[in-house]
Each structure stands twice: as structure tokens, then as C-alpha cells.
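# Structural features, examined
Now for the letters of each chain:
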Amino acid sequence: MVDHLVSEESRLYIFKKPILCHICSHDIFIPIETFTDVEKPGIQVTFVHNTAICQQCGFVIQFGDPSYYDNENDIYRWALDQQFINEQPTPEAHEPFIDADTIAKYERCIHLSLQILIQHDESPQTMLNLYDNAEYLAIANYFDASYEQTNSQLITRDCLGLLLRKLMDKNIADSDELIKVLQHDDNMHLESFLKALIMK
Ligand SMILES: [Zn+2]
């Protein structure tokens, strides 16, 4: 969080929520602080106006600064934050590395989850074809149309997560039990938990 914005190309945030252009929805701006005297002629009491120029369409947005003093914790909560465009790390730098064994386990659990959902008529049979082609994004999108991700490791993990959520939502798997398994999952627990749910 910052106490004032620097006039450089950047993404802007209010309490971590990105500011988007009202016209074109792009998120890169050059912010400009302007000051006006509260009283005219003033005695150095000024009011800050935050404005920013959209670098896509040139529209000028104005926004408030909801920073506040947090009495309970005795600190000042700055609301505004700024991430300069030229300093941003490449997205890959932040993406977690998931080892091959874990990915293989996710894949086996995706397979098991799909089989269970198909048995309960909660998934079309064709999902297994997508599984055979490792099209986990397509599977994830079937269960959550708004799901977006580009990192293939994360897609595999999230695809499993979506299938497990479906199993819980449809009461096919007991939520408390499944959550307990996930919390203590060292390696094989989730797999045996899912295997037990497959109807013989
Ligand atoms: Zn714009």
C-alpha cells in the first residue's frame, strides 16, 4: 500500500481491487494527483484529487482514497496501491511448481472422480474422452464455464478441485469426510477415498 501515487504507467488498486477503465475496461493508467485549496485563499489546507489516464483509450477516471485509521489495531490502513508496469515479474515466476508424482496423482483422482460422477448421471460419458486426451481445461470448463487458467499444472489441480466440489455439492461424497481426507492427504488417501465411492 502506498500513501501517494507516482505518475508512471501502472496498475492501480484500491484495497487490492484493481481499478478498471470505465470505458474500455483496461487496467493500465498514469495516475495524477491534483490539489485544490479547501479554502480560498487557503492556508495550506489542500484536498487531494486522484485522477488517472487510461493508457488504452485516454479516458480520465477519478477515484477516492478510502484509506482510514484503524482504531482497533492502532494503524493507518492505506487503501491505494500501485504496481509499475516495467517492474512486473513475468507471471511464470509466481506459479507454484507441482512435482510429477503429485500431478500423476491428481490425474488418477480426476479419472476416479469422473467415473463416480458418470455413475451418478452428473457428468456425460464424453468427459472420459477428454480425460484420455488430457484436456483438463475442457473438463474444468464443463463444470465451471468461467474457469480460466493457462498454467497446465494448475489446470490439472483445479480440475480435480472442481470435480471434488461437484461430488460434495451433489452429496455423492460426504463433505466433512472429504475435507478431512484432503487436509491429511499425504499421498494415497484421496485415491482410496474415491475408489470406495465407485459403485461395484
Ligand atoms: Zn480506457
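Residues numbered from 1 in each chain as written. Predicted model: local features only at pLDDT ≥ 70, side-chain atom pairs only at ≥ 80, totals over all residues.

Going by an unreviewed UniProt entry, the chain carries the name CpXC domain-containing protein and comes from Solibacillus faecavium.

### What to know about the environment of A134
Inspection of the secondary structure puts A134 in the loop between α2 (127-132) and α3 (136-143). A C-alpha to C-alpha distance of 8.9 Å links A134 and T156, two positions 22 residues apart in sequence. (Helix = DSSP H or I, 4+ residues; strand = E, 2+ residues; numbered from the N terminus.)

### Some words on the nonpolar core
Membership of the largest hydrophobic core comes to 22 residues, with the highest contact counts inside it found for C109, I110, C159, L160 and L163. Taken together, the elements giving at least two residues each to this core come down to α1 (100-119), α2, α3, α4 (152-169) and α6 (189-197). With seven residues, the top contributor of residues to this core is α1. Filtering out sequence-adjacent residues up to four positions away, C159 remains in contact with I110, Y136, I139 and A140. L5, L12, C21 and A52 belong to the second largest nonpolar core, which has eight residues in total. (Core = buried A, V, L, I, M, F, W, Y, C linked by C-beta atoms within 7 Å. Buried ≥ 20, exposed ≤ 12 C-beta atoms within 10 Å, placed from the backbone. Contact = placed C-beta atoms within 7 Å.)

### Considering the environment of I179
If you trace the backbone, I179 turns up in helix α5 (residues 175-183). Look at I179 and you get partly exposed, because 13 C-beta atoms sit within 10 Å. Linking I179 and L164, residues 15 residues apart in sequence, is a C-alpha distance of 9.7 Å.

### Some words on unusual backbone geometry
It is generally the case that most residues other than glycine have a negative phi and that most peptide bonds are trans. With a phi close to 70°, S25 is a non-glycine residue in the positive phi region. Mapped onto the elements of the fold, S25 is located in the loop between β2 (17-18) and β3 (29-37). Residue classification places S25 among the exposed residues on the basis of 10 C-beta atoms within 10 Å. Here the phi dihedral of N171 falls at roughly 55°; this positive angle occurs in a residue that is not glycine. Within the secondary structure, N171 sits in the loop between α4 and α5.

### Focus on the packing of α1 against α6
For the pair α1 and α6, interaxial distance at closest approach is 9 Å and the crossing angle is 15°. Classified by the interaxial angle, the pair formed by α1 and α6 is roughly parallel. The two elements α1 and α6 cross, and the hand of that crossing is left-handed. Residues K105, R108, C109, L112, S113 and I116 of α1 pack against L190, E191, L194, K195 and L197 of α6. When the residues that make up the contact of α1 with α6 are grouped by side-chain class, the tally is six nonpolar, one polar and four charged. (Axes fitted to C-alpha atoms, helices over the stretch in contact; angles between N-to-C directions. Parallel < 35°, antiparallel > 145°, perpendicular 65-115°, else oblique. Left-handed = near helix turned anticlockwise from the far one by under 90°. Nonpolar A, V, L, I, M, F, W, Y, C, P; charged D, E, K, R; others polar.)

### A few points about α3
What α3 keeps buried is the set Y136, I139 and A140. Here the buried residues of α3 occupy an arc of 100° about the axis, which is enough to place them on one side. Structurally, α3 contributes buried residues whose contacts are with α1, α2 and α4. (Arc of directions from axis to C-beta.)

### Examining the pairing of strand β1 (residues 10-14)
With five bridges connecting them, β1 and strand β8 (residues 80-84) associate as antiparallel partners. The residue bridging S10 from the neighbouring strand is F84, located in β8. With two bridges joining them, β1 and β2 adopt antiparallel strand pairing. Of the residues in β2, the one forming a bridge with I14 is K17. Hairpin connection of β1 to β2: two residues between the antiparallel strands, including F15 at a positive phi of 45°. (Pairing = 2+ DSSP bridges.)

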